[in-house]
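Coordinates in review
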Amino acid sequence: MGRHRKTIQYIILAAVLLVGGFAIGNSLFSKSVVLTKGDKPPAFRLAGLDGQVHEWQDYEGKPLIINFWGTFCPPCRNEMPALQNQYEKWKGQGLELIGINLSEDHLTAESFIRQVGVNFPILMDKDKRTEKAYGLKQYPTTFFISSNGKIQEVVIGGLLTEEEIEVRVERLMKS
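Computed from a predicted model, the values in this text were never measured in an experiment.

Reading the values: the criteria
- Residues numbered from 1 in each chain as written.
- Predicted model: local features only at pLDDT ≥ 70, side-chain atom pairs only at ≥ 80, totals over all residues.
- Heavy atoms only, no water.
- Pairing = 2+ DSSP bridges.
- Helix = DSSP H or I, 4+ residues; strand = E, 2+ residues; numbered from the N terminus.
- Axes fitted to C-alpha atoms, helices over the stretch in contact; angles between N-to-C directions.
- Left-handed = near helix turned anticlockwise from the far one by under 90°.
- Contact = heavy atoms within 4.5 Å.
- Nonpolar A, V, L, I, M, F, W, Y, C, P; charged D, E, K, R; others polar.
- Expected span 1.5 Å × (residues − 1).
- Core = buried A, V, L, I, M, F, W, Y, C linked by side-chain atoms within 4.5 Å.
- Buried < 20%, exposed > 50% of the residue type's maximum accessible area, 1.4 Å probe, protein only.

**Re the sheet that holds strand β7 (residues 151–156)**
Taking strand neighbours across the sheet as the criterion, the seven strands line up as β2-β1-β5-β4-β3-β6-β7 in an open arrangement whose pairing is mixed. Each edge of the open sheet is held by one strand with a lone partner, namely β2 (53–55) and β7. Direction aside, the axes of adjacent strands within the sheet are offset by 30° on average. Examined bridge by bridge, strand β1 (residues 45–48) and strand β5 (residues 122–124) share two bridges and lie antiparallel to one another. Across the sheet, residue G48 finds its bridge partner in β5, namely L123.

Next comes the structure, spelled out in structure tokens:
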């Protein structure tokens, strides 16, 4: 009986190592999209906290900021008030801003948004399809997209101050 148990343990260990090695190798060596200046952002179709479905086509032809964020990310939480302030300042001139929450539950995202006082659309990327299409590696990641539908700038990781956001929005509005 002891020999069979040991054999089964070795088989299980080998299976775990095989699956683990495959997962690590796949994440390290898989080709992922890295969007840069001049690229056209991938289309998306996501449900918002407002109960509406939002699609890329809803924002075409308008200057747009897409901010990928999560409540688990301190810089994401800290820059949200600055994004809201700049949205308030520029929305009358046509600026659109959407936040895409990274696979958290509806209640967590909604509670945080209510607490901070954000009123721009927050979309939920439950299956991480949009996150993968945009090639995210760090959070927050913010895309500044000109009205011609091309990425003007990508800011990856770190905390954007309100002044840094404003400089980028000014460039975005002029393009």
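**Digging into the packing of helix α2 (residues 74–90) against helix α5 (residues 162–174)**
Two numbers describe how α2 lies on α5: the axes approach to 9 Å, and their chain directions differ by 35°. Where α2 crosses over α5, the handedness of that crossing is right-handed. Here A82, L83, N85, Q86, K89 and W90 of α2 lie close against α5, whose contacting residues are E162, I165, E166, V169, E170 and M173. Considered class by class, the residues forming the contact of α2 with α5 number six nonpolar, two polar and four charged.

**Some words on α5**
In a regular helix each residue adds 1.5 Å, so 13 residues correspond to 18 Å; α5 covers 18 Å between its end C-alpha atoms and thus fits that length. Turning to α5, the residues buried within the fold contact β3 (64–69), α2, β6 (141–145) and β7.

**Let's talk about the nonpolar core**
In terms of nonpolar packing, the biggest core is built from 25 residues, with W69, F120 and I122 touching the most fellow members. Sorting the residues of this core by element identifies β3, α2, α3 (106–116), β5 and α5 as the ones contributing at least two each. For this core, the element with the most residues is α2, which contributes six residues. Apart from residues lying up to four places away in sequence, W69 is in contact with C76, M80, G99, I100, N101, L102, A109, F112, I113 and I122. With 17 residues, the next largest nonpolar core counts L64, I66, L102 and F143 among its residues.

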